[in-house]
Amino acid sequence: MLEIKNLHASIAEDDTSILKGLDLVIQPGEVHAIMGPNGSGKSTLSKILAGDQQYQVTDGEILFNGESILDDDATERSLKGLFLAFQYPVEIPGVNNAQFLRMAYNAKLKYNGEEEVDPIEFDDFLNEKLALVDMNESFKDRALNFGFSGGEKKRNEILQLAVLEPKLAILDETDSGLDVDALRDVSAAVNKLRSEGRSFLLITHYQRLLDYIVPDVVHAMVGGEIVKSGDKELAKELDKQGYDWVANV
Amino acid sequence: MSNQDHDKTIHEFIAKDYEFGFTTNIEMEQAPKGLSEDIVRFISAKKEEPEFMLEFRLKAYRHWLKMTEPRWSVATYPDIDFNNVYYYSAPKKKEAKLGSMDEVDPELKRTFEKLGIPLLEQKRLAGVAVDAIFDSVSVATTYKDKLLEQGVVFCSFSEAVTKYPDIIKQYLGSVVPYTDNFYAALNAAVFSDGSFVYIPKDTICPMDLSSYFRINTEEIGQFERTLIVCEERSSVTYLEGCTAPMFDTNQLHAAVVELIALDDATINYSTVQNWYPGDPKTGKGGIYNFVTKRGKCQGKRSKISWTQIETGSAITWKYPSCILVGDDSIGEFYSVAVTNHRQQADTGTKMIHIGKNTRSTIISKGISAGVATNAYRGAVKVNKSARNARNYTQCDSMLIGDKCSAITLPTVDVRNATAQLEHEASTSKVGEDQLFYLMSRGISLDDALGTIVSGFCQDVFDKLPDEFAVEANQLLSLQLEHSVG
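Cut-offs used in this document
- Residues numbered from 1 in each chain as written.
- Chains lettered and ligands numbered in written order.
- Predicted model: local features only at pLDDT ≥ 70, side-chain atom pairs only at ≥ 80, totals over all residues.
- Heavy atoms only, no water.
- Helix = DSSP H or I, 4+ residues; strand = E, 2+ residues; numbered from the N terminus.
- Contact = heavy atoms within 4.5 Å.
- Salt bridge = Lys/Arg side-chain N within 4 Å of Asp/Glu carboxyl O.
- Nonpolar A, V, L, I, M, F, W, Y, C, P; charged D, E, K, R; others polar.
- Buried < 20%, exposed > 50% of the residue type's maximum accessible area, 1.4 Å probe, protein only.
- Pairing = 2+ DSSP bridges.
- Right-handed = clockwise from strand over helix to strand, strands pointing away.

Draft legend 1. Layout of the side chain of Thr-316 of chain B. Along the chain, Thr-316 of chain B turns up in strand β16 (residues 315-318). Contacts of Thr-316 of chain B, omitting those with residues within four sequence positions, involve Gln-273, Asn-289, Glu-310, Gln-344, Ala-345, Asp-346 and Thr-347 of chain B.

Following this line, the structure appears as structure tokens:
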């Protein structure tokens with residue numbers, strides 16, 4: 001599904017190096033988690049994968065379904081089936097949430113050579129998805145993330161994930177800022193969206209999330225590299241011993 | 001789209017072809033270039049006007065001679081040579097009189113069809129009546145007879161001068177006197193046509209009325225005048241659209257619009273202005289849009305609402321305003337002004353509160369891209385007599401790229417302590433983060449920008465009549481296409 005080889009990347013504006021030779025392979029249907037301290041570059045990795053132009057890849061390769069996506073912009077990557085749930089979803093005033101979702105959904109349909117849906121058809125589809133993530137229908141008429149609470153924003157990200165049905169979903173610190181109930185709801189929704197053909201990459205500080213969404217593989221990331229990989233037990237170990245433990249390995 | 005292509009489009013201002021830039025080849029009748037008393041007399045004679053109109057024009061002309069051109073707007077441009085302008089240019093009449101559909105030159109019909117303004121009273125356009133103005137004259141007005149059955153007069157200004165001289169005498173210059181400003185004086189002297197609307201008492205105009213202005217001749221000045229009178233308890237929705245061909249030279253458009261609302265009358269006036277903005281790269285050509293628009297809420301509980309979507313013109317200088325004379329009257333101004341490339345806009349409104357409990361709302365959205373300048377200039381004045389006046393003003397500016405500018409110049413003058421005024425202003429930059437967010441959902445760069453901008457303008461678009469809202473949105477997207485850099 002995803003293959004990252006020796007990835008080096010820096011901030012485009014000032015060439016600050018962030019990723020320093022990162023390797024990662026995710027197979028279809030797998031759930032991977034990347035844990036790491038602040039500043040390890042894990043959120044940057046998620047943005048680079050999604051095509052954020054603030055960062056530049058200086059070396060290495062990103063293959064998605066066997067093809068390099070380095071030349072694709074964010075739009076193209078999304079259309080190919082890559083999804084990023086943002087750590088800080090962006091507020092866009094005046095843009096109706098349901099209309100935005102339909103626009104994104106139709107862009108995907110069009111890309112896949114399928115017929116676009118009208119607002120009425122989409123509404124039925126959207127209602128199902130809202131139920132899946134346990135969101136109220138009033139979300140449809142609000143402006144995109146505008147004035148949403150932190151928890152609402154995160155739920156809205158998962159709603160978009162449910163609507164767009166990507167091949168690979170990257171969840172960037174989706175657990176941060178969520179209370180226990182919201183964390184349980186969001187995790188339940190993600191678990192429902194797990195499937196054989198869909199992979200997940202969870203980026204998190206805390207082992208807590210992984211109690212709800214159980215990963216197949218856990219990676220520890222320090223200083224722009226993956227320094228240790230293992231099964232879900234690694235997450236518990238990291239939680240107990242801290243990152244110095246792996247950094248010094 | 002690959003990253004390379006992406007860079008190419010966002011760093012390059014691709015000159016999106018102005019779709020209405022064609023010219024119509026038709027035999028025109030023109031007065032010689034330049035302005036003099038003779039030209040004023042010529043125009044008046046051409047229109048077979050009654051004596052009072054000629055006097056009005058001459059007074060205005062003589063006053064204009066004493067005035068100086070206002071240069072206080074933020075726009076910069078070379079001096080205009082008022083003697084190098086055609087003040088009258090009209091399609092040569094084939095026979096008899098223009099006005100009936102059958103007599104409209106087929107070439108003109110085709111022109112307006114190309115512009116999406118069919119002059120035939122087809123079924124699918126049953127909702128809107130159109131007055132089509134080509135250079136200096138009105139070439140056709142649709143649904144005239146049908147409207148007249150309900151007492152609604154909708155005709156060219158020239159026709160109104162001969163048919164309804166009393167109404168014209170009573171209201172002409174009553175809201176915008178010829179002494180008001182340089183361009184209002186010039187207009188009063190040489191205006192050649194425009195639209196006239198009269199809605200009698202207790203009448204809700206059965207359909208939306210609209211004017212479509214088309215400039216065709218190079219080096220012409222289009223000076224039209226619109227007068228709308230709404231009697232007690234009547235209402236009308238009026239729409240206005242404009243386009244022009246692409247020329248290297250600048251054309252002057254100096255219009256005057258006067259609205260009068262009597263007791264409990266409501267006038268909604270919407271404009272979608274898409275004059276040729278000039279060459280995107282060099283800034284050559286384009287329309288100088290110097291317009292005076294003002295409404296008078298003369299009656300109690302009357303209401304005048306201006307909505308404008310300004311996307312065209314090389315320079316825009318206009319301030320649709322309301323004089324709130326009647327107690328409990330309401331004035332509104334909703335504006336979206338987009339400037340891209342080398343366009344300059346200095347636009348806003350004046351709300352003058354005179355009656356008691358008068359209320360006004362101003363919502364202005366300025367969007368600036370390229371190397372354009374966009375200024376909001378507004379004045380709220382509350383006179384001593386205006387007890388309990390209220391105003392709410394919101395001016396938001398959005399910048400796209402880092403070479404454009406936005407300026408907000410509000411003034412407030414309150415002479416009555418019971419007044420309540422609120423003012424909110426914001427300036428935002430279209431964020432890379434917003435664009436990235438939408439793009440990461442599979443939405444293209446241009447669509448992402450269009451979505452952000454139309455979201456920004458939503459409060460104003462909500463005020464537009466449906467048929468205009470879609471057009472406005474499309475126009476905005478077109479105007480801003482490829483403007484992220």
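Let's pick the thread back up.
Draft legend 2. Representation of the interface of chain A and chain B within the structure. Each partner contributes residues to the interface: chain A has 35 residues there, and chain B has 24 residues. Taken together, the connections running from chain A to chain B amount to 1 salt bridge. Glu-157 of chain A is the partner of Arg-441 of chain B in a salt bridge, and the nearest nitrogen-oxygen pair spans 2.7 Å. Of all the elements in the fold, those that place two or more residues in the side of chain A that touches chain B are α1 (42-50), α2 (74-79), β6 (82-85), α3 (97-111) and α5 (150-164) of chain A. Looking at which element gives the most residues to the side of chain A that touches chain B, the answer is α2 of chain A, with 6 residues. Residue composition of the side of chain A that touches chain B, by class: 19 nonpolar, 7 polar and 9 charged.

Draft legend 3. Spotlight on the pattern of salt bridges. Under the counting rule described, the total for this entry stands at 32 salt bridges over all chains. Of the charged contacts, one joins Asp-79 of chain B and Arg-71 of chain B as a salt bridge, the two residues approaching to 3.1 Å between their closest N and O atoms. With a relative accessible area of 34%, Arg-71 of chain B lands in the partly exposed category. As a salt-bridge pair, Glu-159 of chain B and Lys-163 of chain B come within 2.7 Å of each other at their nearest N and O atoms. Of this pair, Glu-159 of chain B and Lys-163 of chain B both sit in helix α6 (residues 157-163), 4 residues apart, which is roughly one turn of that helix. Assessed through its relative accessible area of 52%, Lys-163 of chain B is described here as exposed. Counted as one network, the salt bridges with shared partners bring together Glu-67, Asp-72 and Lys-80 of chain A.

Draft legend 4. Molecular detail of the sheet that holds strand β1 (residues 2-11) of chain A. Residue and element names in this part refer to chain A. As summarised here, the arrangement of the 4 strands in space is β2-β1-β4-β5, forming an open sheet in which the pairing is antiparallel. Two strands close off the open sheet at either side, each with one partner strand: β2 (17-26) and β5 (67-68). Here strand β4 (residues 55-64) runs beside β5; their pairing, made up of 2 bridges, is antiparallel. Paired with Leu-63 across the strands is Ser-68, a residue of β5.

Draft legend 5. Molecular detail of the pairing of strand β8 (residues 199-204) of chain A. Residues and elements named next belong to chain A. The buried count for β8 comes to 6 of 6 residues, which makes it a mostly enclosed element. Neither face of β8 is exposed, since Ser-199, Leu-201 and Ile-203 on one face and Phe-200, Leu-202 and Thr-204 on the opposite face are all buried. Bridge count for strand β3 (residues 31-35) against β8 is 5 bridges, and the pairing is parallel. The residue bridging Ile-34 from the neighbouring strand is Ile-203, located in β8. Bridge count between strand β7 (residues 168-172) and β8: 5 bridges; the pairing is parallel. Opposite Asp-172, over in β8, you have Ile-203 as the bridge partner. Traced from β7 through helix α6 (residues 180-193) to β8, the parallel crossover comes out right-handed.

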